[in-house]
Amino acid sequence: MKPYKPERLFVERSVEDSPITQNVLMRLPAVAVEQIDSTHSLLEESQHWNPTIPRAKRWLILARHKGHFFKPCPASRTKQGAKTVCCNYFVINYASNCHMECSYCYLQSYLNFPYLIVYANCQDLLSELQTTFAENPHHFFRIGTGELADSLALDPLTSYSVPLVEFFAGQKNAVLEFQTKSNYIENLLNLDHRRKTVVSWSMNPPFIQEREEHKTATIGERLWAAERCVQAGYPVAFHLDPLIFYATWETDYRNLIEEIFERIPADSISWISLGSLRMTTLLKEIIRERFPNSFLPLGELVPSQDGKMRYFKPIRVLMYQKILGWIRAQDPRIPIYACMETPDVWTKVFQSAPLEEKELGETVIRSLV
Ligand code: SF4
């Protein structure tokens, strides 16, 4: 995949001396640096742009995160207060936005601050984690960095992965997950990770990757990266999410699963998650405007209780059941879970929903210890 090179680089004065900032400056010597006191003026400027998203992705900002980095994963809740089954997952927002261009990316309709921003005060992040883990010694945390950004897409510039992997290697009650659609794993290969970092890839058949996941690594490149991580001793994981329903989905997803298991030993795979395509009305409009050739808005999506549109429940259940069967035929033991799905769908696919969130989280974690 093509490396990211921003057109403009802004550095908040408060993070000028951070090692993350220094890494980026060293690797982008030809990009002019503009120093700023805060991000307020950039936000105001972006509000006069139309369209905002393409231009904002070309500007990279290094800034200080002033709030908490660490929080529970915001699994969706229905308007009635019932909720989808959650896997007891936590997230670290080390960055926000992404230079890649998946047509279905929910960040397009979600972020208030449209720029690509990396929070360079990494030491504050690590201190916050250290305090949290020490205050909760009996809780086992599974933590990802891929909620508001791809975990590794900017790693060739920032090397953010290095302090994170080294920090988690020393933790007794936490594992880190890097979730990516890139093949940027070079920084990981020689680290002493002690199997406390899982590297995972979002996967779709090449038919979808080529049409809907622009600027991402090809499926072959992602599998090559996964092979190298396995050789370096990392546990790996896969997210078949979002599953897309189209004419040849059965053949394409079955081939994808076969290829994953041909290239990656099953005992290196910590978990596989499944999730169906979901979008809001606003995101659907954005996809139509930004990706006129995308076929995703043409699918028959219906509103769910949480306000998102999904495929009809029988379609989702059919896809999950078939895919679960194909994975189970390869290996019956790998933990598999459905992301942001209702207890009803869980019961139809897995015969039961987890009794409580903690149970699902622990099932996944047991695969690592
Ligand atoms: S890789 Fe992830 S964060 Fe980046 S555009 Fe695609 S879906 Fe969005």
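Residues numbered from 1 in each chain as written. Predicted model: local features only at pLDDT ≥ 70, side-chain atom pairs only at ≥ 80, totals over all residues. Heavy atoms only, no water.

Let's shift gears to the environment of Tyr234. Turning to its location among the elements, Tyr234 is positioned in the loop between α9 (219–231) and β13 (236–243). Take Tyr234: its relative accessible area is 1%, and that puts it in the buried class. Of note is the side chain of Tyr234, whose polar atom sits 2.6 Å from the backbone oxygen of Leu188. (Helix = DSSP H or I, 4+ residues; strand = E, 2+ residues; numbered from the N terminus. Buried < 20%, exposed > 50% of the residue type's maximum accessible area, 1.4 Å probe, protein only. Polar contact = N/O pair within 3.5 Å; in protein donor to acceptor, adjacent residues only side chain to side chain.)

Another aspect to go through is the pattern of salt bridges. Counting across every chain of the model gives 21 salt bridges. Put simply, Glu147 and Lys71 hold a salt bridge, and the shortest N to O gap is 3.8 Å. With a gap of 76 residues between them, Glu147 in the loop between β9 (141–144) and α6 (155–158) and Lys71 in strand β4 (residues 70–72) connect regions that are remote in the sequence. On the accessibility criterion, Lys71 (29% relative accessible area) is partly exposed. For Arg288, the salt bridge identified is with Glu285, shortest N-O distance 3.3 Å. Taken together, the positions of Arg288 and Glu285, both in helix α11 (residues 281–290) and three residues apart, correspond to about one turn of that helix. Look at the salt bridges and you will find they share partners, linking Lys57, Glu101 and Arg290 into a network. (Salt bridge = Lys/Arg side-chain N within 4 Å of Asp/Glu carboxyl O.)

Let us look at the sheet that holds strand β15 (residues 278–279). As summarised here, the arrangement of the three strands in space is β15-β17-β16, forming an open sheet in which the pairing is antiparallel. At either end of the open sheet lies a strand with only one pairing partner, and these are β15 and β16 (301–303). (Pairing = 2+ DSSP bridges.)

Our next topic: the packing of aromatic side chains. With the rule as written, the count across this model stands at 21 aromatic pairs. Look at Phe70 and Phe141: their rings are 5.8 Å apart centre to centre, the planes differ by 70 degrees, and that puts the pair in the edge-to-face class. On the criterion of sequence distance, the pair formed by Phe70 in strand β4 and Phe141 in strand β9 is long-range, its members being 71 residues apart. Given the relative accessible area of 13%, Phe70 is considered buried. On the basis of relative accessible area, Phe141 is assigned to the buried category, the value being 4%. Between Phe207 and Phe295, the aromatic rings sit 6.2 Å apart at their centres with planes inclined by 55 degrees, giving tilted as the arrangement. Taken together, the residues Phe207 in helix α8 (residues 206–212) and Phe295 in the loop between α11 and β16 connect sequence positions 88 residues apart. The class for Phe295 is partly exposed, based on a relative accessible area of 23%. Here the aromatic residues Phe70, Phe90, Phe133, Phe141, Phe167 and Phe168 are joined through ring pairs into a cluster of three or more. Between the NZ or CZ atom of Arg55 and the centre of the ring of Trp49, over which it lies, the distance is 4.1 Å. (Phe/Tyr/Trp six-rings, centres within 6.5 Å; stacked < 30°, edge-to-face > 60°. Lys NZ or Arg CZ within 6 Å of the ring centre and 35° of its normal.)

In an α-helix, one turn spans 3.6 residues; hence positions three or four apart end up facing the same way. Buried residues of α11: Leu283, Lys284, Ile286 and Ile287, and no others. Across the axial projection of α11, the buried residues extend over an arc of 165 degrees, all falling on one side. Pointing more than 90 degrees away from the buried face of α11 are the exposed residues Thr281 and Glu289. (Arc of directions from axis to C-beta.)

This part covers the side chain of Ser273. Tracing the backbone through its elements, the reader meets Ser273 in strand β14 (residues 269–276). Given the relative accessible area of 1%, Ser273 is considered buried. A polar contact is formed between the side chain of Ser273 and the side chain of His239, at a distance of 2.6 Å. Setting aside chain neighbours within four positions, we find Ser273 in contact with Phe238, His239, Leu240 and Tyr337. (Contact = heavy atoms within 4.5 Å.)

In this section: the sheet that holds strand β11 (residues 197–202). The mixed open sheet is built from eight strands, whose spatial order is β4-β5-β9-β10-β11-β13-β14-β18. This sheet does not close on itself; its edge strands, each paired only once, are β4 and β18 (336–338). Going across the sheet, the axis of each strand differs from the next one's by a mean of 25 degrees, ignoring polarity. Both β4 and strand β5 (residues 90–92) contribute to a ladder of three bridges, which runs antiparallel. Along β5, the bridge assignment pairs Phe70 with Ile92. Sheet contacts for helix α7 (residues 161–169): β5, β9, β10 (174–180) and β11; angle to β10, the most-contacted strand, approximately 150 degrees. Against the sheet, helix α12 (residues 313–330) contacts β13, β14 and β18, and its axis sits at roughly 160 degrees relative to β14. (Axes fitted to C-alpha atoms, helices over the stretch in contact; angles between N-to-C directions.)

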